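Below, each chain spelled out in residue letters.
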There are 2 protein chains.
Amino acid sequence: MEDATPDAAAAAIETEVRAIGRRAKAAAHALSLADPAAKTQALHRAAALVRERSADIRAANERDMEFARAKGLSEAMLDRLLLTAERIESVAAAVEATADLPDPVGVVTDAWDRPNGLKIERVRTPLGVVGVIYESRPNVTADAGALCLKAGNAAILRGGSESLNSSAALVACLSDALQEAGLPADAVQMIPTRDRAAVGALLRMSDWVDVIVPRGGKSLIERVQREARMPVFAHLEGLCHVYLHEGADPRKAREIALNAKMRRTGVCGAAETLLVDRAIAGDLLPAVAADLIAAGCELRGDAAARALVPDMQAASEQDWFTEYLAPILSVRVVDGLSQAIEHVNHYGSHHTDSIVTEDATAAEAFLKQVDSAIVIHNASTQFADGGEFGMGAEIGISTGRMHARGPVGAEQLCSFKYRVRGAGQTRP
Amino acid sequence: MEDATPDAAAAAIETEVRAIGRRAKAAAHALSLADPAAKTQALHRAAALVRERSADIRAANERDMEFARAKGLSEAMLDRLLLTAERIESVAAAVEATADLPDPVGVVTDAWDRPNGLKIERVRTPLGVVGVIYESRPNVTADAGALCLKAGNAAILRGGSESLNSSAALVACLSDALQEAGLPADAVQMIPTRDRAAVGALLRMSDWVDVIVPRGGKSLIERVQREARMPVFAHLEGLCHVYLHEGADPRKAREIALNAKMRRTGVCGAAETLLVDRAIAGDLLPAVAADLIAAGCELRGDAAARALVPDMQAASEQDWFTEYLAPILSVRVVDGLSQAIEHVNHYGSHHTDSIVTEDATAAEAFLKQVDSAIVIHNASTQFADGGEFGMGAEIGISTGRMHARGPVGAEQLCSFKYRVRGAGQTRP
């Protein structure tokens, strides 16, 4: 292949990716009919294989780390790529937890009878073939693969190029376990090339792939939304707000603001903007700001906020649109509930937003009028997480409005169909 | 504008369509917060206006009919376009029926508590702005507009170019009624030009339009799926099957086959292919075929079918892929359940398929393994209809696997969000 032209190379990648898609579709059909026990067994066996092969997986990861260091990846990205013995154990435990989730397939979610005697049921079915595109985080390979399998879907995984060897080692655990359980090994495949042309080929493959789940930065998501010829679970950024309403309990306000921003700053449920009612800003904002600054947070405020807290940069218009994913928080003093709701709907990303107040009417208005996947009263935005919602594992938090909104767990990776049972009815 | 260049004309259309989109988005926000009673009242008033303005609507329709005749439209298409006094009354009655549907918005579809005390609810919300693209059928203007409104969505309607005046008259009834009820008139708008460039502009407008619903022929749907930069409710063809299993009750088999094909041949739930088990074909097929032929149906069969029914054309491979929407039926003799399921999954359009049998095990296998939006045991495929499902009105039958599958009624035109109520919880 070394002397192949770029066109020939691209054609070869297209052919390879399409072969993966065709195999995935066939595997998805077989998997959709699989016995729930066989899926559970396969996932338990996959977790066992991850533990058994821990040394090999680390060796594969070391090759990836060398490649990534040579490429000059940042320390933060190298840390995401790194697999230690402890992290491999976490990966295995997560696959086990997914194995033990209730099987979503075949569950009847609604049933009713018609006057003519027809009995109608809506029943969960797998979606089909799920393509997952993500960054160089090998744990996502195992998490996403296992969750797709639990929901009866075949997965085509495309991780960041630096994680190629680590991902291959983890995918092998899943597909070997599938085979041992009598299920199609092709139900989990990865795209075995670092070439970015493979992503384009995947996004064009609407005949074999039913949905694409992109996880990653804004540029990846935008590329996927532009190029994908199949439905996409939109995972946009999490530009989350905490709004301290004039009826806020001061203790809750301080604890929630601090936790929403600083518990972990790199997760999509982390708060990026704090809104404070003018009526209480004088009393409350200095204390809230002091907590945040003591925890290492940089504050960027509007004029009213800076008048109350001198240790604050000026926020620009761009700040209100920015997901920092870092210990930085923009702070705005607002004139009340309506302005707060307007701010959230205008600048936010429709992900997760929280109001702190003891005023039930204000809380209900916020929950109703804020157009976000998750709206919260008196709790931290960092609860935006499938595990915290009791869904078990999740493949991400969707900010789209179609099919799955909020945490995408095994149920959300399902479709449904209608079963109609008659006794010979014809339509008049 | 007469001397505008094509580029300038296209730019003007783009600007106009984008202005419609921006107004729709603002209207959708207001409508999402509307009192259910106001929506119901507006729809009742719209129905009354349709009746009051019956003569004007017919005059507008007469202008459309002249345009369509001059254009040389077929009799069938002219008939779809025609509005009589009786049909206008049906339009009004349909809008009234939609008015009286239960309001889907705000309904809590699931609720649970977490161990940390968080109370989580999933609640229905409107989708936002729905773009509907359809053929020259004025009744769809009223049906789709009313259904979108009931679900709290703003609608942008783009009917076939021949129905421009009829649609405008009907849209005016809806928007005038909205205004009288204190709701935004812009919640129902149509694209007021026959220029096809407007469709392209609509499909690019992902910032203002949340979902596109295409209704129409294959080429329209394919164009929409290719060009739309937002989610699409795929309404592909209805290539529906009736499968007469060897355990079929002969009377049910004859009645269901005849009804599924001939009740109405132009609807998407009409059967296009009949599959008959070899074990019973000799006894059953001649009688089934005689019923169909007597009703005016042309049959196209494989060799085995033709050996049993001489009055049958030979079916080509292409016939198995064809949605006739006409009194034509392809007939294949199969070797049993597995071959029937394979045929349906391979040649079908994943719309609606029915098995006729008294064998419960065979029926369950068919219902499970056939990958269609609606799978039926012992009833006609012509029940594939939102009204027959008890959903009230529908905007179509989706053959996609995402969000809405099967009949798309008011509930399916909704999204949802999670409401979380806490007492100051922070995440550890």
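Residues numbered from 1 in each chain as written. Chains lettered and ligands numbered in written order. Predicted model: local features only at pLDDT ≥ 70, side-chain atom pairs only at ≥ 80, totals over all residues.

Student: Could you clarify how one ought to interpret the overall build of chain A in this entry?
Tutor: Looking only at helices and strands, chain A has 15 helices and 16 strands in total. Taken over the C-alpha trace, chain A has a radius of gyration of 24 Å; the compact-globule value for 428 residues is 22 Å, and the two agree within 12%. Across its three principal directions, the C-alpha atoms of chain A cover 70 × 65 × 40 Å. Within chain A, the proportion of its 428 residues that are buried is 54%. In chain A, 73% of the contacts between residues at least 6 apart in sequence involve partners at least 24 apart. (Helix = DSSP H or I, 4+ residues; strand = E, 2+ residues; numbered from the N terminus. Rg over C-alpha atoms; globule rule 2.2 N^0.38 Å. Buried ≥ 20, exposed ≤ 12 C-beta atoms within 10 Å, placed from the backbone. Contact = placed C-beta atoms within 7 Å.)

Student: Sorry if this is basic, but what is going on with the interface of chain B and chain A here?
Tutor: Where interface size is given, it is often the accessible area lost as the parts come together that is meant. Contacts between chain B and chain A engage 51 residues on the former and 51 residues on the latter. Those elements that place two or more of their residues in the side of chain B that touches chain A are helix H10 (250-262), helix H15 (360-369), strand S13 (374-379) and strand S16 (414-425) of chain B. Top contributing element to the side of chain B that touches chain A by residue count: S16(B), with 11 residues. Pairing of strand S16 (residues 414-425) of chain A with S13(B), which is carried by five bridges, proceeds in the parallel orientation. Looking across to S13(B), one finds that A:Gln425 is bridged to B:Ala379. (Pairing = 2+ DSSP bridges.)

Student: Please explain the domain arrangement of chain A as it appears in this structure.
Tutor: Taken domain by domain, chain A consists of domain 1 (11-233 + 408-419) and domain 2 (240-388). Here domain 1 of chain A and domain 2 of chain A have C-alpha centroids that lie 35 Å from each other. (Domains from an automatic or database assignment.)

Student: Where do I start with the relation of the copies chain B and chain A in this structure?
Tutor: Copies of the same chain, two in number, are related to each other by a rotation about an axis and a translation along it. Superposition record for chain B on chain A: RMSD 0.0 Å, screw rotation 180 degrees, translation along axis 0.0 Å. One copy is carried onto the other by what is essentially a two-fold rotation axis. Every residue of chain B has its C-alpha some distance from the rotation axis, and the shortest such distance is that of B:His403, at 1.9 Å. By residue overlap, the copies meet face to face through one surface: 100% of the interface positions of chain B are interface positions in chain A. (Least-squares fit on C-alpha atoms with pLDDT ≥ 70 in both.)

Student: What's the story with helix H2 (residues 36-52) of chain B in this structure? I'm lost.
Tutor: Residue pairs spaced three or four apart in an α-helix point in one direction, given the helix's 3.6 residues per turn. Residue and element names in this part refer to chain B. Taking 1.5 Å of rise per residue, the 17 residues of H2 would be expected to cover 24 Å, and the 24 Å separating its terminal C-alpha atoms lies within 8% of that figure. Buried within H2 we find Lys39, Ala42, Leu43, Arg45, Ala46, Ala47, Leu49 and Val50. Close packing links the buried residues of H2 with helix H3 (54-71), helix H5 (85-99), helix H6 (138-150) and helix H7 (164-180). (Expected span 1.5 Å × (residues − 1).)

Student: Help me understand the sheet that holds strand S5 (residues 188-190) of chain B, please; the structure alone is not making it clear to me.
Tutor: The strands making up a sheet associate through hydrogen bonds between their backbones, and the pairing can be parallel or antiparallel. Residues and elements named next belong to chain B. Pairing in this open sheet of four strands is parallel, and the strands run S5-S4-S3-S6 from one edge to the other. Of all strands in the sheet, those with a lone pairing partner are S5 and strand S6 (211-214), marking the two edges. When the angles between neighbouring strand axes are averaged without regard to direction, this sheet yields 20 degrees. The sheet contact formed by strand S4 (residues 154-158) and S5 spans three bridges and is parallel. Residue pairing for S5: Leu157 is matched across the bridge by Met190. (Axes fitted to C-alpha atoms, helices over the stretch in contact; angles between N-to-C directions.)

Student: Help me understand the environment of B:Pro115, please; the structure alone is not making it clear to me.
Tutor: Residues and elements named next belong to chain B. Relative to the helices and strands, Pro115 is located in the loop between strand S1 (108-113) and strand S2 (119-126). Pro115 sits in the exposed class, given 6 other C-beta atoms within 10 Å. Between the alpha carbons of Pro115 and Ala168 there is a distance of 55 Å; along the sequence they are 53 residues apart.

Student: Help me understand the pairing of S16(B), please; the structure alone is not making it clear to me.
Tutor: Residues and elements named next belong to chain B. With 10 of its 12 residues buried, S16 lies for the most part within the structure. Bridging between S2 and S16 involves eight bridges; their strand directions are antiparallel. Bridged to Lys119 within S16 is Arg421.

Student: Hey, could you run me through helix H6 (residues 138-150) of chain A in this one?
Tutor: Residues and elements named next belong to chain A. Between its first and last C-alpha atoms H6 spans 19 Å; for 13 residues at 1.5 Å apiece the expected length is 18 Å, and the two agree. Burial within H6 is extensive, with 12 of its 13 residues counted as buried. Among all positions in H6, only Pro138, Val140, Thr141, Ala142, Asp143, Ala144, Gly145, Ala146, Leu147, Cys148, Leu149 and Lys150 are buried.

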